[in-house]
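If you want the building blocks of each chain, they are given just below.
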Amino acid sequence: LRPRCLWQKTSSLYKRQFSYNVIQRSTAAATATEAEVHDGDKPLQGKFVALKANIATKTNVVPTTAASKTLANYHSPFHATVSSLLLQHGASLLPNANMDEFGMGSHSQFSPLLGPLTSAFSRNGKPLSPGGSSGGSALWVANELCWAAIGTDTGGSVRLPGAYCGVVGFKPSYGRISRWGVVQYANSLDTVGVLAKEVQRAREVFQCLDQEDWRDMTCMGPSLRSRIAKTSRQHDRKSLRIGIPLEYNIAELSPPVKATYTATLRALHASGHTLHPVSLPTTRLALSAYYILAPAEASSNLAKYDGIRYGHRTPTTDAAPNADPPLPLYAQTRAEAFGPEVQRRILLGAYTLSSDAMENYFLQAQRVRRLVQRDFDRVFAAGNPLLDPGSGSGEKVDVLLTPTAPTLPPTVEELEGQSPVESYMNDVFTVPASLAGLPAISVPVPLSAEQRKGMDEKDVTSVGMQLIGQFGNDKLVLDAAEMLE
Ligand code: GLN
């Protein structure tokens, strides 16, 4: 893609009435980055890669906003490591892809600065959720406005929009890709991921980003990388042992998702892979633990946006005009700059970290997190290189296959009637791999003609299937994902 082609594509897509929000933002972003096209023979030469709005780019045209009013005018003085690596490998960047503010959300509806997004699909004339929080990145890919896109996945934010928009969403093992220059949501979970039309593209981008970075102490260092390389199980692509976690077969699984899951398992079996039911008993606690831990980390991370040291500040003249007693500048600034979902998470996190609640919530959730990780370690043939690399028995499973989400994407109208807790339920299949830091990918698998019968012709045409692998086994997960395409 050359910039001009991008313009032509943009206008033809606009005529076809794809998401207005995406198109509108694409114009600003493309202008900002035309100058950054590099010469030479590099793996991403001439390819446009969209960046979620929480990844810093050093440009004075497009700010790095994380879709928050608090960062509306923040122009980063440096590139995130991810941005630098993409440029070094020849890519042209399209920054500021829309998202849920600071990554908090599952449907890209909580974007106070850039506005809510809808997908290109609809049901009975009602637009569907594109998934979130990397909804903008997924839409850029789905609408073919870029070659690939970067998102971040804390509890499912690359995989869920991938599933809802019908594209591939890959979350590597925690620590593979540097988080330096990525606006933090929950550090112990935040993972940079890739969205693309095909697994091979996601792999190519991942390979450019999978590098050590001394500036991010959670990015894997050389010794862990070489341990992983040594312990990664050699696998035979023709015959994988595929685990079916029993706990993911929940009552909420909708019929088209269930049917596509069953058909995918059958097809894998028919092509020589073996299927093995496995039990991950802590799965049912994972969602609650995630929604304790992620807001706790967020409340601490977001403390810096106080308007004094950092971020938007309420003009002193406007501060606390009518409050009685008057609100301090700090509180007024934060009440004004953060959207309602972010405020909810900060309150929740501040509460669970308070001395009275700490033992009951935060510490319990940390324990659950360890149990979730142990469940996974028990079923994977490969040992966990972070713990006991020799623990793999070689008799268990290579990868797990689950649906990415229990249902097809809801309409935006349905979301409006949902309580926050109902919307958190959507992440039930994605958070376990996040808590354990495991590589996971969502691959769109077409709905059968049978399943499409009676569906709106503008409705989604695929269901996201998720593959999860042992920590460090990113290559195996990508290889297995290619078999689903
Ligand atoms: N939906 C989850 C949340 O709101 C996950 C978000 C993410 O992965 N960034 O926390």
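Residues numbered from 1 in each chain as written. Predicted model: local features only at pLDDT ≥ 70, side-chain atom pairs only at ≥ 80, totals over all residues.

- Labelled according to an unreviewed UniProt entry, the protein appears under the name Glutamyl-tRNA(Gln) amidotransferase subunit A, mitochondrial, originating from Zasmidium cellare ATCC 36951.
- The UniProt entry for the protein carries the following text under Subunit (unreviewed entry): "Subunit of the heterotrimeric GatCAB amidotransferase (AdT) complex, composed of A, B and C subunits."
- According to UniProt, the comment filed for the protein under the heading Function (unreviewed entry) is "Allows the formation of correctly charged Gln-tRNA(Gln) through the transamidation of misacylated Glu-tRNA(Gln) in the mitochondria. The reaction takes place in the presence of glutamine and ATP through an activated gamma-phospho-Glu-tRNA(Gln)." (UniProt positions renumbered as here; feature names shortened; annotations may be inferred.)

1. A look at the UniProt feature "active site" (unreviewed entry) in the protein
So, step 1. Here the UniProt feature "active site" (unreviewed entry) sits at Lys52, Ser133 and Ser157. Spanning 106 residues, the named residues form one tight spatial group whose C-alpha atoms are at most 10.9 Å apart.
So, step 2. Note on placement: serine 133 falls in the loop between strand E4 (126-127) and helix H4 (135-142).
So, step 3. Owing to 36 C-beta atoms within 10 Å, serine 133 belongs among the buried residues under this scheme.
So, step 4. Residue contacts for serine 133: discarding those within four places in its chain leaves Met99, Asp100, Gly103, Met104, Gly105, Ser108 and Ser157.
So, step 5. Along the chain, serine 157 turns up in the loop between strand E5 (148-153) and helix H5 (159-165).
So, step 6. Setting aside anything within four residues of it in sequence, one finds serine 157 in contact with Gly103, Gly132, Ser133, Ser134, Gly151 and Thr152. (Helix = DSSP H or I, 4+ residues; strand = E, 2+ residues; numbered from the N terminus. Buried ≥ 20, exposed ≤ 12 C-beta atoms within 10 Å, placed from the backbone. Contact = placed C-beta atoms within 7 Å.)

2. With respect to the site of the ligand
So, step 1. Lining the immediate environment of the ligand, one finds 14 residues, of which Gly103, Ser106, Thr154, Gly155 and Ser157 sit closest.
So, step 2. In the shell around the ligand, the residues fall into three nonpolar, nine polar and two charged. (Near = placed C-beta within 6 Å. Nonpolar A, V, L, I, M, F, W, Y, C, P; charged D, E, K, R; others polar.)

3. Considerations on unusual backbone geometry
So, step 1. For the peptide bond that leads from glycine 132 to serine 133, omega is 5 degrees, which places it in the cis range.
So, step 2. The phi torsion at asparagine 96 lies on the positive side, around 65 degrees, for a residue other than glycine.
So, step 3. Structurally, the position occupied by asparagine 96 is in strand E2 (residues 92-97).
So, step 4. For asparagine 96, a count of 29 C-beta atoms within 10 Å puts it in the buried group.
So, step 5. With a phi angle near 55 degrees, serine 108 is a residue other than glycine that sits in the positive phi range.
So, step 6. One can find serine 108 in the loop between E2 and strand E3 (122-123).
So, step 7. According to the C-beta neighbour criterion, serine 108 is buried, with 34 such atoms within 10 Å.

4. Focus: the nonpolar core
So, step 1. Among the nonpolar cores identified, the biggest contains 122 residues, and Val49, Cys146, Ala148 and Val399 are the most heavily contacted of them.
So, step 2. Counting residues per element, this core draws most heavily on helix H9 (residues 283-301), at 10 residues.
So, step 3. Residue contacts for alanine 148: discarding those within four places in its chain leaves Val49, Val141, Val194, Leu195, Ala196, Arg201, Ala202 and Val205. (Core = buried A, V, L, I, M, F, W, Y, C linked by C-beta atoms within 7 Å.)

5. Let's talk about the confidence of the model for the protein
So, step 1. In the predicted model, the protein carries a mean pLDDT of 88, and 87% of its residues have values of at least 70.
So, step 2. Reported for the predicted complex are a pTM of 0.90 and an ipTM of 0.98. (pLDDT = per-residue confidence, 0-100.)

6. Observations concerning the sheet that holds strand E11 (residues 440-446)
So, step 1. Pairing is mixed across the open sheet formed by 10 strands, whose spatial order is E2-E1-E5-E7-E6-E11-E12-E10-E8-E9. At either margin of the open sheet sits one strand with a lone partner, and together these are E2 and strand E9 (274-278). Direction aside, the axes of adjacent strands within the sheet are offset by 30 degrees on average.
So, step 2. Where strand E10 (residues 399-403) meets strand E12 (residues 462-469), five bridges bridge the pair, whose relative direction is antiparallel. The residue bridging threonine 402 from the neighbouring strand is glutamine 466, located in E12.
So, step 3. In the packing of helix H3 (residues 81-88) onto the sheet, the strands contacted are strand E1 (48-52), E2, E5 and strand E7 (191-196), and the crossing angle to E2 comes to about 150 degrees.
So, step 4. The strands touched by helix H8 (residues 255-270) within the sheet are strand E8 (241-245), E9, E10, E11 and E12, with E12 carrying the most contacts at an inclination of about 55 degrees. (Pairing = 2+ DSSP bridges. Axes fitted to C-alpha atoms, helices over the stretch in contact; angles between N-to-C directions.)

7. Side note on the pairing of E2
So, step 1. Within E2, six of the six residues are buried, which leaves the element mostly enclosed by the surrounding structure.
So, step 2. Bridge count between E1 and E2: four bridges; the pairing is parallel. Looking at E2, one finds that valine 49 is bridged to leucine 93.
So, step 3. The parallel pair E1 and E2 is bridged by H3, and the resulting crossover is right-handed. (Right-handed = clockwise from strand over helix to strand, strands pointing away.)

8. As for helix H11 (residues 340-352)
So, step 1. The end-to-end C-alpha separation of H11 is 18 Å, in line with the 18 Å expected for 13 residues at 1.5 Å each.
So, step 2. Considering only its buried residues, H11 is in contact with H9 and helix H12 (359-379). (Expected span 1.5 Å × (residues − 1).)

9. Topic: the pairing of E8
On a regular strand, one side chain projects to one face of the sheet and the next to the other, so that they alternate.
So, step 1. Two elements, E8 and E9, share five bridges in a ladder whose sense is parallel. Note on E9: the bridge partner recorded for isoleucine 244 is proline 277.
So, step 2. Crossover E8 to E9 through H8 is right-handed.
So, step 3. Where E8 and E10 come together, two bridges link them in parallel fashion. Looking at the pairing, glycine 243 lines up with leucine 400 of E10.

10. Overview of the environment of serine 137
So, step 1. Tracing the backbone through its elements, the reader meets serine 137 in helix H4.
So, step 2. In this view, serine 137 contacts Ala50, Lys52, Ala97, Ala149, Ile150, Gly151, Pro161 and Leu195; residues no more than four positions away in its chain are not counted.

11. As for the environment of leucine 240
So, step 1. In this fold, leucine 240 is placed in the loop between helix H7 (222-231) and E8.
So, step 2. Judged by C-beta crowding, with 24 C-beta atoms within 10 Å, leucine 240 ranks as buried.
So, step 3. The spatial distance from the C-alpha of leucine 240 to the C-alpha of leucine 476 is 9.8 Å, given a sequence separation of 236 residues.

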